[in-house]
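# What the coordinates show
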Amino acid sequence: TSVSILTSCADCPACWSNLLKLGILADCFRHLLEGADRHEAWRTRLVLRFAISASGSEEGRLAMIRSSLPSAHTSCSLSVVDILLRLVHSFGQDAGIRGDALLVLRNLAFQHEGMGHFIGVSDALEVLCEEALGKSNELIIFEVRCRTYAINALWALLHNSQKIKAAFRSRGLVEHLVAAERVFGHGACLSSLPVSRFF
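Residues numbered from 1 in each chain as written. Predicted model: local features only at pLDDT ≥ 70, side-chain atom pairs only at ≥ 80, totals over all residues. Heavy atoms only, no water.

## With respect to the nonpolar core
Here is a general trend for soluble globular proteins: nonpolar side chains tend to be buried in one another's company. Cut-off, in case you're wondering: The criterion is simple. A nonpolar core is a set of buried Ala, Val, Leu, Ile, Met, Phe, Trp, Tyr and Cys residues joined through side-chain atoms within 4.5 Å. Whether a residue is buried, partly exposed or exposed follows from its accessible area with a 1.4 Å probe, protein chains only, as a fraction of its type maximum: under 20%, in between, or over 50%, in that order. Contacts are assigned to residue pairs with any non-hydrogen atoms lying within 4.5 Å of each other.
With 59 residues, the main nonpolar core has Met64, Leu84, Phe118 and Phe168 as its most contacted residues. Beyond its immediate sequence surroundings of up to four residues, Met64 is in contact with Leu25, Phe29, Ala51, Ala54, Ser55, Val80, Val104 and Leu108.

Take a look at the structure:
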C-alpha cells in the first residue's frame, strides 16, 4: 500500500527532501487531525505507522518539529505535539492508538529542537504525567506500553531542558512524577527511569 511505501521511505534520510517537497508531512498531520476529530481508528492507525517510522530518525524528527498545520478554529498553527495530544485525548479508551501517539511523542522528546513545543502546548506535560500514572491499576500490556512511552518522554524532556524542569515546578507536576514512581516503581516500565531524581 501507499502507506507502507511511505513508511519505508521515512526510514531513509536521503528521501526526506523529496517527502517534504511532496507535502507528505502536511498530509500526515491533516489525516491524524481528521482521525482525532472524526474518531476514525482504522485510518489513524495506518498514518501513525508512518509517523512512528518518521520519528525514528533525526531527519524525520526535525522535519516533524519544523512542520505545522493551520488551525481551522484559530489564527495559530498546530504543531505535531498539538496533533498527537488530540489523538491521546480522542482515543482515550483505545490504548493501542494512544500508545502509538505516545511513542511518537516519546521519540520527539529526545530531539532538543522540539522542547519548545512541549512547553508551548498548554497541557502537554500534564497529559504525559497522567499517562505515566496510568488509566487503571491493571497491568494490561497496552496500558503498560502507554505508561512506558510517557515516562520515557518525561525522562528525555527533564534530562535535556532546564526550562522543562522549571515548567514542572511551576505547574506543580513534580508530585505526579513521584506518585507514578511510587505506584508503579516496581513495574518494568518505570523502575529503570527514576525521573524524580532530576529534582
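## Re the packing of aromatic side chains
To be explicit about the condition: Here a Phe, Tyr or Trp ring, Trp counted by its six-membered ring, pairs with any other such ring whose centre lies within 6.5 Å, and the pair is stacked when the planes are under 30 degrees apart, edge-to-face when over 60, and tilted otherwise. Every helix listed is a DSSP run of H or I at least four residues long, and every strand listed is a run of E at least two residues long, numbered separately from the N terminus.
The full count for this structure, using the stated rule, is 1 aromatic pair. Centre to centre, the rings of Phe110 and Trp155 are 6.5 Å apart; their planes meet at 35 degrees, and the pair counts as tilted. Taken together, the positions of Phe110 in the loop between helix H7 (95-109) and helix H8 (115-120) and Trp155 in helix H10 (residues 141-160) put the pair 45 residues apart, joining distant regions of the chain. The class for Phe110 is partly exposed, based on a relative accessible area of 35%.

## A closer look at the pattern of salt bridges
Quick note on the threshold: One speaks of a salt bridge when a side-chain nitrogen belonging to Lys or Arg is within 4 Å of a carboxyl oxygen belonging to Asp or Glu.
Scanning the entire structure with this criterion turns up 9 salt bridges. In this structure, Arg86 engages Asp37 in a salt bridge whose closest nitrogen and oxygen atoms are separated by 4.0 Å. With a gap of 49 residues between them, Arg86 in helix H6 (residues 80-90) and Asp37 in helix H3 (residues 24-38) connect regions that are remote in the sequence. With relative accessibility at 29%, the residue Arg86 sits in the partly exposed group. Between Asp100 and Arg145 there is a salt bridge, and its shortest N-O distance comes to 2.4 Å. Taken together, the residues Asp100 in helix H7 and Arg145 in helix H10 connect sequence positions 45 residues apart. The partly exposed category is assigned to Arg145, whose relative accessible area is 21%. Through salt bridges with shared partners, one network takes in Glu34, Glu40 and Arg43.

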